[in-house]
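# An overview of the molecular structure
Now for the letters of each chain:
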Amino acid sequence: MNTVVMVGLSHRTAPLALLERVAVPADRRPEVLAAVREAGFSEAVLLVTCSRTEIYAAGRKAHPERLIDALAAQAGSAYGTVRRTAEVRVGQAAVTHLFRVTSGLESRVIGEPEIRSQVRAAFRDACAAQAVGGMLGELFAAAVRVATQVHRETSLGSTGRSLACRAVDVALTDTAATPSVLVVGSGRMASAAVDHLRRLGHRPTVVARDEGRAVQLGGASHARPLTDLVSLMSVADVLICTTSASEPLVTVEGVRRAMSDRAAPLTLVDLSVPRNVDPAVARIRGVRVVDVEAMHDHPGEGVALGQGVARAESLIQASITRHRDHLAARRAGPLIAAMRQRVEAQCLEAVARLTHTTCPPDELVRIARTVAGRLAHPATMAARAAAAAGDDAALLTICGAMDVALTPDLVGLGADKLLTRVT
């Protein structure tokens, strides 16, 4: 029976500097997934966001140490620190963690919706790398479903509960009444920031490598190429950076040039991991730099936030139970079918001895199957419970009571076929 394992680092346990070291660039993620497969896992998904890098894997011989090695290998000289800091969750704990992460309960801003899209994207990337089978396929699908439910049915889905929105709110603190705002980037986070700025009555300029995407977000009159960044900073009050470059785009040299002929302060908010605003920029006079470690929930949201979280926890627990029962039914399916066939055969033998009956043969079979279903129901439910708990001793007892031989093709075969099917 395959086991799910999660190994990773998040903002809850690791400083930003360490998260930067393990953040895997998009072009290297297939390589990491391949390394996890080579370490003996049949399936793997790599989730990388500004707040976490986590590997989810499934395999018959699940050795978390191998996953820790795969994660630590990304950190270079910080290898030992990653090994000591990495969080490890196995089995149901890993499942519960994924559901909570996808629903936003483990985010810097509780309930933020961007993480759901990031989990979807991570799963699609794993599918493209042919690293996903049935077990993680069903697990991630269930995680996204409950996250959608949490977003729709709780207060956590309200407008403004997102990392991008919080970044805008932080950026606009202590700025001019009508600040000039730049949003650097063209992805989901940039789009969310632009939307929130517009709701607040601001018209930001979008700066991006992809000029077509910049026009889509900002409009033709508020879209500029990345090459104009320094000149734009010289007249801006606020810059929000949401890019995914591997090196800083906002450099000390560029900011010094932008600040050389101005006295007004400049606020730089960096949502990128690794950071795309050079931390040394903060030493320049008149410049305020804010990174993702400053993004958190407002203390005044306590009561309303607590109610939303409580409802979300309830939805997540119900989803976890459904997922566990579904897997148990899959695992016990062949065994349950064998027990029902055994009882049905016995019923058919008894009915066949009723030679004086006037019932047609098809009706006799229907009667036998109905009786068999009723007789086998208690054992069926017990088998499902034993399969869910991984209690092979109980399965043996049930088989003995039902006069069914417990063979490899009855327990685990159906699950194995499922797990090796690439979705």
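Residues numbered from 1 in each chain as written. Predicted model: local features only at pLDDT ≥ 70, side-chain atom pairs only at ≥ 80, totals over all residues. Heavy atoms only, no water.

## As for the pattern of salt bridges
Should the charged atoms of two oppositely charged side chains come close, the side chains can pair. Cut-off, in case you're wondering: Think of a salt bridge as a Lys or Arg side-chain nitrogen and an Asp or Glu carboxyl oxygen that are within 4 Å of each other. Strands are runs of DSSP state E lasting at least two residues, helices are runs of H or I lasting at least four, and both sets are numbered from the N terminus onward. Note on exposure labels: buried denotes an accessible area under 20% of the residue type's maximum, exposed denotes more than 50%, and partly exposed covers the range between, all computed with a 1.4 Å probe on protein chains only.
Summed over the entire model, instances satisfying the criterion amount to twelve salt bridges. In this structure, the salt-bridge partner of Glu106 is Arg12, at a minimum N-O distance of 2.8 Å. Taken together, the residues span a long stretch of sequence, with Glu106 in the loop between helix 5 (92-102) and helix 6 (114-128) and Arg12 in the loop between strand 1 (3-10) and helix 1 (16-22) at a distance of 94 residues. On the basis of relative accessibility, which here comes to 12%, the residue Glu106 falls in the buried class. Classification of Arg12 as partly exposed rests on a relative accessible area of 47%. A single salt-bridge network, built from bridges that share partners, covers Arg12, Arg100, Glu106 and Glu313.

## Side note on the packing of aromatic side chains
Two aromatic rings are characterised by how far apart their centres lie and by the angle between their planes. We apply this condition: For this analysis, a ring pair means two rings from Phe, Tyr or Trp (six-membered ring only for Trp) whose centres lie within 6.5 Å, classed as stacked if their planes differ by under 30 degrees, edge-to-face if by over 60, and tilted for the remaining angles.
Taken as a whole and judged by the stated rule, the model has two aromatic pairs. Consider the rings of Tyr56 and Phe140, whose centres lie 5.6 Å apart with planes at 90°: the pair is edge-to-face. Of the two residues, Tyr56 sits in strand 3 (residues 52-59) while Phe140 sits in helix 7 (residues 134-153), which places them 84 residues apart along the sequence. A single burial state applies to Tyr56 and to Phe140, both of which are buried. In this structure an aromatic cluster arises from ring pairing among Tyr56, Phe123 and Phe140.

## So, the packing of helix 6 against helix 7
Threshold: Here, axes are lines fitted to C-alpha atoms. For helices the fit covers the stretch in contact, and angles between N-to-C directions go from 0 to 180 degrees. Each angle receives one of four descriptions, namely roughly parallel if under 35 degrees, roughly antiparallel if over 145, roughly perpendicular if within 65 to 115, and oblique otherwise. Crossing chirality is assigned from the near helix's rotation relative to the far helix, an anticlockwise turn below a right angle marking it left-handed and a clockwise turn marking it right-handed. Contacts are assigned to residue pairs that have any heavy atoms within 4.5 Å of one another. In this classification, the charged set is Asp, Glu, Lys and Arg, the nonpolar set is Ala, Val, Leu, Ile, Met, Phe, Trp, Tyr, Cys and Pro, and all remaining amino acids, among them Gly, are polar.
One way to put it is that helix 6 packs onto helix 7 with a least axis distance of 10 Å and a crossing angle of 165°. It follows that helix 6 is roughly antiparallel to helix 7 by the angle criterion. The way helix 6 lies across helix 7 gives a crossing that is left-handed. For the pair formed by helix 6 and helix 7, the contact residues are Arg116, Val119, Arg120 and Phe123 on the first element and Leu136, Gly137, Phe140, Val144, Ala147, Thr148 and His151 on the second. When the residues that make up the contact of helix 6 with helix 7 are grouped by side-chain class, the tally is six nonpolar, three polar and two charged.

## Details of helix 8 (residues 163-171)
Extensive coverage of helix 8 is indicated by the burial of eight of its nine residues. Among all positions in helix 8, only Leu163, Ala164, Cys165, Arg166, Ala167, Val168, Val170 and Ala171 are buried. Lining the buried residues of helix 8 we find helix 6, helix 9 (188-199), strand 8 (238-241), strand 9 (266-270) and strand 10 (287-291).

## Let's talk about the pairing of strand 5 (residues 181-184)
Which entries qualify depends on this criterion: When DSSP finds at least two bridges between two strands, those strands are taken to pair. By convention, a crossover is right-handed whenever its connection, traced from the first strand over the helix to the second and viewed with the strands pointing away, goes clockwise.
Neither face of strand 5 is left uncovered, since the one carrying Val181 and Val183 and the one carrying Leu182 and Val184 both have all their residues buried. Bridging between strand 5 and strand 8 involves four bridges; their strand directions are parallel. Residue pairing across strands places Leu182 opposite Leu239, the latter belonging to strand 8. Of the strand pairs in this sheet, strand 5 and strand 6 (residues 205-208) are connected by three bridges, and their pairing is parallel. Following the sheet pairing, Val184 is matched in strand 6 by Val207. Tracing the backbone out of strand 5, into helix 9 and back to the parallel element strand 6 gives a crossover that is right-handed.

## Thoughts on unusual backbone geometry
Looking along the chain, the bond that leaves Val273 and enters Pro274 is cis, with omega of 0°. At Gln130, a position not held by glycine, the phi torsion is positive, near 55°. In this fold, Gln130 is placed in the loop between helix 6 and helix 7.

## Considering the pairing of strand 9
Burial analysis of strand 9 places five of its five residues in the buried class, which makes it a mostly covered element. Burial along strand 9 is two-sided: the residues Leu266, Leu268 and Asp270 and Thr267 and Val269 are all buried. Direction of pairing for strand 8 relative to strand 9: parallel, over a ladder of four bridges. By the bridge assignment for strand 9, Ile240 is matched with Val269. Tracing the backbone out of strand 8, into helix 12 (residues 252-259) and back to the parallel element strand 9 gives a crossover that is right-handed. Bridging between strand 9 and strand 10 involves five bridges; their strand directions are parallel. Bridging across to strand 10, Asp270 finds its partner in Asp291.

## Topic: the confidence of the model for the protein chain
Spelled out, the test is: As a per-residue measure, pLDDT reflects the predictor's confidence and takes values from 0 up to 100.
With 88% of its residues at a pLDDT of at least 70, the protein chain reaches an overall mean of 85. Throughout residues 412-423 the model reports pLDDT below 50, and contacts reaching past four residues in sequence, or to other chains, amount to 21 contacts.

## Focus: the packing of helix 8 against helix 9
Packing of helix 8 against helix 9 leaves a shortest axis separation of 8 Å and a crossing angle of 50°. Considering their axes alone, helix 8 and helix 9 lie oblique with respect to each other. Two packed elements cross with a definite hand, and for helix 8 against helix 9 that hand is right-handed. When helix 8 is examined against helix 9, the residues Leu163, Ala164, Cys165, Val168 and Asp169 are found in contact with a partner set consisting of Met189, Ala192, Ala193, His196, Leu197 and Arg199. Grouping the amino acids of the contact of helix 8 with helix 9 by side-chain chemistry returns eight nonpolar, one polar and two charged.

## What to know about a nonpolar patch on the surface
Let me state the cut-off plainly: Excluding any residue in a salt bridge, patches collect residues exceeding 30% relative accessible area, merging like charges within 9 Å and nonpolar Val, Leu, Ile, Met, Phe, Trp and Tyr side chains within 5 Å. Computed with the Shrake-Rupley method and a 1.4 Å probe, the accessible areas treat only the protein chains shown as cover for residues.
A surface patch of nonpolar side chains, about 220 Å² in accessible area, is lined by Ile367, Val371 and Leu375. In this structure, Ile367 sits in helix 14 (residues 361-389). Judged by its relative accessible area of 31%, Ile367 is partly exposed.

## Topic: the sheet that holds strand 5
Here six strands make up an open sheet; going across it, the order is 7-6-5-8-9-10 and the pairing parallel. Edge positions in the sheet fall to strand 7 (223-225) and strand 10, since each of these pairs with one other strand and no more. Between one strand axis and the next, the sheet turns through 20° on average, direction left out of account. Most of the contacts of helix 10 (residues 211-218) go to strand 6, to which it runs at about 160°, and overall it touches strand 6 and strand 7.

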